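# Observations on chain architecture
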Amino acid sequence: MFTSHAQRTPATAGASRATGAARTDGAPGTGGPPAPAPPATRPAWERLKRRLTPYGFLSPTGVLLAILMLTPIVMVIWYSLLDGVITTRNSAFVGFANYTEVLTDPVFWTAARNTLVFTTVSVVAHFAIGLGFAMLLNTPLLSHRVKAFFRVIYVLPWLFTVAIIAVLWRLLLNPNGVVNYLLGTVGLTDGQTEWLANPSTALAAVTFINVWAGYPFFMISLLAGLQGIPRDLYEAARVDGATPFQQFRNVTVPQLRPIIISMALLDFIWTTQQFALIWMTTGGGPINATEMLSTFTYKLAFSRYEFSVASASAVVVLLASMVLAFFYVRHQKARD
Amino acid sequence: MATLTTTPTARPGAPALRTPPRRTGQKTLVLTALVIGALFAGLPVLWMLSSSFKANPEIFASPPRLLTEGFSFDAYTTILTDPVKLRFFGNSYLVAGSVTLLTLLVAVLAAYAFSRYEFPGKKVINVVIVSVQAVPPITLLIPYFGLMVALGLYNTYPGLILTYMVFTLPYAIIMMTGYFNTLPRELDEAVKVDGAGPLTALWRILVPISVPGLVSVGVYTFMIAWNEFLFALTLTRTEDMRTVPIGIQLLMGQHSYEWNEMMAMSILGCIPVLILFLFFQRYFIGGMTAGAVKV
């Protein structure tokens with residue numbers, strides 16, 4: 001390391017001086033060299049070392065992300081262009097044949113439609129329930145202690161792993177379970193519905209479970225956002241004679257908008273990727289009624305061992321997610 | 001209740017804005033809504049708890065009862081005396097604990113670079129780290145399977161630990177950078193004036209005063225690793241390598257009628273997360289929202 005520094009010194013000295021100067025100009029008194037000596041008299045390798053320091057701190061992250069992110073993405077794209085990967089030793093290049101196979105599979109489109117319905121309904125409901133609960137918990141009418149108590153209860157669903165949530169709701173939604181008993185007693189249903197095994201109710205049932213499991217994330221973020229809104233804004237609105245609804249629409253919503261958009265995009269990205277909940281409640285059935293892109297891809301790979309076709313499907317999912325990620329990153333940047 | 005709640009809210013803009021009856025009415029209304037919300041959030045959990053103490057035949061008794069006469073700890077005893085199931089818990093603690101420590105170590109170093117240095121490529125690297133959160137796990141699953149088999153890490157602890165870091169690291173870096181940004185630069189610059197290197201400044205000054213931030217990142221990381229399902233399912237094969245979420249699924253597959261055991265296992269499976277959350281709530285929520293909202 002040190003010998004190579006010495007060798008490269010003449011070539012890099014000019015470049016390092018340029019960035020060193022730019023840094024001191026850009027952030028006076030903060031990023032500049034702490035030593036009293038002016039930069040020009042310091043040994044060149046010292047400056048080089050300083051330039052390389054941040055990369056040194058980032059190197060473990062860089063190595064990990066290269067192994068765990070870059071390599072797999074290149075691999076899965078390469079897999080998707082071959083035939084018989086993983087299962088055979090000699091896989092042949094087949095171009096886009098795997099993509100054609102995936103995109104002409106009607107089950108793929110059923111899965112895509114289910115994913116869209118599942119995700120959209122979940123995100124909207126997460127937001128509505130999260131905002132409702134956050135506003136209740138933000139009320140000045142109740143003592144701190146009462147609110148803290150309710151906050152813990154409201155966060156509960158979030159503390160369970162999806163595997164637990166799946167088993168719990170299979171118990172609750174069992175034909176002989178407590179949900180059917182309650183709904184049957186009130187007379188809303190016949191009390192014998194097979195929520196997760198009936199093709200016409202299964203998608204609604206898994207969506208409901210996901211709503212129950214996911215609203216706390218919104219709630220906590222929105223609660224933090226609500227607490228950050230200056231009280232004067234409401235005072236001013238009240239002086240102008242605004243009704244509570246007008247205050248909500250003209251003060252609360254605009255103030256929360258950046259959080260709402262961030263949360264909604266993140267939630268949308270994460271919900272499209274939901275796997276465990278579906279896998280442990282319905283497994284994508286009955287008759288593909290709850291098949292999602294994630295379960296569809298998983299089955300292609302690990303039930304039917306068609307790793308090449310599954311890779312093509314995985315790449316399609318990746319592309320769709322990248323579109324969402326683009327909007328998310330752009331939104332985050334716009335806020336800075 | 002109905003009479004109390006209807007009258008006071010009738011005229012929101014009325015001049016009698018702060019009269020006591022109106023406030024009491026509002027309070028009742030808010031409390032009612034809070035209780036309904038608590039039933040929605042809490043009843044299923046209460047039912048899980050109650051079912052874990054029931055004898056199996058009572059689980060689907062009609063009418064359902066929250067408290068049973070046959071109250072027993074049998075389901076818990078069965079799980080806690082079964083070495084196979086205890087192994088699930090041991091695996092989960094080992095994997096989640098290792099992921100947490102390693103993630104904190106790597107994330108603190110990266111966050112220091114982001115918080116204290118300007119360097120070419122900073123923005124690009126930042127965007128990459130933010131976008132990593134959006135890469136679908138299912139996309140990575142197939143190449144990971146190939147990669148782990150090739151590296152001999154399939155069905156091993158290092159394989160799982162390494163895998164989980166890709167999900168915990170981006171978030172940890174973003175949260176930790178946000179936390180370091182709140183700490184004045186003068187703190188660590190002062191040490192450097194005395195001739196110490198940046199690593200000393202980080203380790204001696206920033207890390208000790210960042211304990212609340214480290215705790216919130218650590219709790220969040222532990223939760224992600226403890227709850228992970230898809231990769232634990234695919235990258236482990238033998239029963240002695242399975243984690244708690246997979247253990248619950250196995251239990252469901254093997255004897256799908258032992259509902260009390262499944263509920264007991266679920267309760268035991270959420271205890272570490274529940275404890276962490278209750279103890280570190282304040283740090284945790286603050287850190288989480290800071291990370292999620294500001295990035």
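Residues numbered from 1 in each chain as written. Chains lettered and ligands numbered in written order. Predicted model: local features only at pLDDT ≥ 70, side-chain atom pairs only at ≥ 80, totals over all residues. Heavy atoms only, no water.

### Here's the deal with the packing of helix α4 (residues 83–116) of chain B against helix α9 (residues 198–209) of chain B
All names here are of chain B. Their axes nearest at 11 Å, the elements α4 and α9 cross at an angle of 100 degrees. It follows from the interaxial angle that α4 and α9 lie roughly perpendicular. Contact with α4, carried on its side by Val108, Leu109, Tyr112 and Arg116, involves Pro198, Leu199, Ala201, Leu202, Leu206 and Val207 of α9 and no other residues of that element. Within the contact of α4 with α9, the residues separate by chemical class into nine nonpolar, no polar and one charged. (Axes fitted to C-alpha atoms, helices over the stretch in contact; angles between N-to-C directions. Helix = DSSP H or I, 4+ residues; strand = E, 2+ residues; numbered from the N terminus. Parallel < 35°, antiparallel > 145°, perpendicular 65-115°, else oblique. Contact = heavy atoms within 4.5 Å. Nonpolar A, V, L, I, M, F, W, Y, C, P; charged D, E, K, R; others polar.)

### Brief notes about empty space enclosed by the protein
Inspection of every chain in the model, using the stated rule, returns three cavities of 30 Å³ or more. Quantified by volume, the largest cavity comes out at close to 1200 Å³. Lining the largest cavity are 36 residues, with Val162, Trp270 and Gln274 of chain A together with Tyr220 and Ile224 of chain B positioned closest to its centre. Elements represented by at least two residues in the lining of the largest cavity include exactly α6 (162–172), α8 (202–227), α10 (244–272) and α11 (276–281) of chain A together with α6 (137–151), α7 (157–181), α10 (211–227) and α11 (230–235) of chain B. The residue makeup of the lining of the largest cavity, split by class, is 26 nonpolar, eight polar and two charged. (1 Å grid on protein atoms, 1.4 Å probe; cavity = no way out; pocket = protein on both sides within 12 Å on 5 of 7 lines; lining within 4 Å. Points joined across faces, edges and corners; volume = space filled by probe spheres on them.)

### A closer look at the interface of chain B and chain A
With 98 residues of chain B in contact, the opposing surface of chain A contributes 93 residues. The contact between chain B and chain A buries some 8700 Å² in all, and 82% of this surface belongs to carbon and sulfur atoms. It is Leu34, Phe40 and Ile142 of chain B in chain B that bury the most area against chain A; as a group they hold 8% of the surface buried on that side. The tally of links from chain B across to chain A stands at zero salt bridges. Summed over the shared surface of chain B and chain A, the number is six residue pairs in polar contact (both at pLDDT 80 or more). (Buried area = accessible area lost by both parts, 1.4 Å probe. Salt bridge = Lys/Arg side-chain N within 4 Å of Asp/Glu carboxyl O. Polar contact = N/O pair within 3.5 Å; in protein donor to acceptor, adjacent residues only side chain to side chain.)

### Considering the pattern of salt bridges
Residue and element names in this part refer to chain B. Here the structure, examined in full by the defined rule, presents eight salt bridges over all chains. Its salt-bridge partner being aspartate 82, residue lysine 85 comes within 3.1 Å of it at the nearest N-O pair. Residue class for lysine 85 comes out buried when judged on its relative accessible area of 8%. Of the charged contacts in the structure, one is a salt bridge between lysine 122 and glutamate 118, with a shortest N-O distance of 3.3 Å. Using a relative accessible area of 16% as the deciding quantity, one classes lysine 122 as buried. (Buried < 20%, exposed > 50% of the residue type's maximum accessible area, 1.4 Å probe, protein only.)

### Quick look at the confidence of the model for chain B
In regions of low pLDDT, the predicted coordinates are not meant to be interpreted in detail. All names here are of chain B. Of all residues in chain B, 87% attain a pLDDT of 70 or more, and the chain-wide mean is 84. In the model, residues 1–17 has pLDDT below 50 throughout and makes 17 contacts with residues more than four positions away in sequence or in other chains. ipTM for the predicted complex: 0.84, alongside a pTM of 0.84. (pLDDT = per-residue confidence, 0-100.)

### A word on the environment of leucine 172 of chain A
When you line up the elements, leucine 172 of chain A lands in helix α6. In this structure the C-alpha to C-alpha distance between leucine 172 of chain A and asparagine 288 of chain A, which are 116 residues apart in sequence, comes to 22 Å. If near-sequence neighbours (up to four positions away) are discounted, leucine 172 of chain A is found in contact with Gly177, Val178 and Val179 of chain A together with Pro44 and Trp47 of chain B.

### Regarding the environment of glycine 70 of chain B
Residues and elements named next belong to chain B. Topologically, glycine 70 is positioned in the loop between α2 (20–52) and α3 (74–80). Along the primary structure glycine 70 and leucine 274 are separated by 204 residues, whereas in three dimensions their C-alpha atoms are 27 Å apart. Glycine 70 has contacts with Phe53, Ala55 and Glu58, leaving out every residue within four places of it along the chain.

### Quick word on the nonpolar core
Ranked by size, the top nonpolar core spans 185 residues in total, and within it Tyr154, Met219 and Tyr298 of chain A together with Phe180 and Phe229 of chain B carry the most contacts. Phenylalanine 229 of chain B has contacts with Ala163, Phe275, Ala276, Trp279 and Met280 of chain A together with Pro245, Ile246 and Gln249 of chain B, leaving out every residue within four places of it along the chain. (Core = buried A, V, L, I, M, F, W, Y, C linked by side-chain atoms within 4.5 Å.)

### Considering the side chain of threonine 139 of chain A
Along the chain, threonine 139 of chain A falls in the loop between α4 (106–137) and α5 (144–155). At 3.0 Å, the side chain of threonine 139 of chain A and the backbone nitrogen of leucine 141 of chain A are in polar contact.

### Overview of unusual backbone geometry
Unusually for a residue other than glycine, isoleucine 287 of chain A sits at a positive phi of about 45 degrees. Within the secondary structure layout, isoleucine 287 of chain A lies in the loop between α11 and α12 (293–302). Classification of isoleucine 287 of chain A as exposed rests on a relative accessible area of 73%. Positive phi, close to 65 degrees, is recorded for asparagine 155 of chain B, a residue that is not glycine. Tracing the backbone through its elements, the reader meets asparagine 155 of chain B in the loop between α6 and α7. The class of asparagine 155 of chain B is buried, set by a relative accessible area of 14%.

### Focus: the packing of aromatic side chains
Aromatic rings considered in pairs are described by the distance between their centres and by the relative angle of their planes. According to the stated counting rule, one finds 41 aromatic pairs over all chains in the structure shown. Between phenylalanine 53 of chain B and tyrosine 76 of chain B, the ring centres sit 5.2 Å apart and the planes meet at 35 degrees, which makes this aromatic pair tilted. Taken as a pair, phenylalanine 53 of chain B in the loop between α2 and α3 and tyrosine 76 of chain B in helix α3 lie far apart in primary sequence, 23 residues in all. For phenylalanine 53 of chain B, a relative accessible area of 17% gives the class buried. Overall, the relative accessible area of 10% leaves tyrosine 76 of chain B in the buried class. Ring plane angle 80 degrees and centroid distance 6.1 Å describe the contact between phenylalanine 60 of chain B and tryptophan 259 of chain B, whose orientation is recorded as edge-to-face. Linking phenylalanine 60 of chain B in the loop between α2 and α3 with tryptophan 259 of chain B in helix α13 (residues 259–294), this pair joins segments that are 199 residues apart in sequence. Classification of tryptophan 259 of chain B by relative accessible area gives buried; the value is 7%. Chaining the aromatic ring pairs together yields one cluster made of Phe133, Phe149, Phe150, Tyr154, Trp169, Phe208, Trp212 and Tyr215 of chain A together with Phe40 of chain B. We note lysine 54 of chain B situated over the ring of tryptophan 47 of chain B; from NZ or CZ to the ring centre the distance is 4.0 Å. (Phe/Tyr/Trp six-rings, centres within 6.5 Å; stacked < 30°, edge-to-face > 60°. Lys NZ or Arg CZ within 6 Å of the ring centre and 35° of its normal.)

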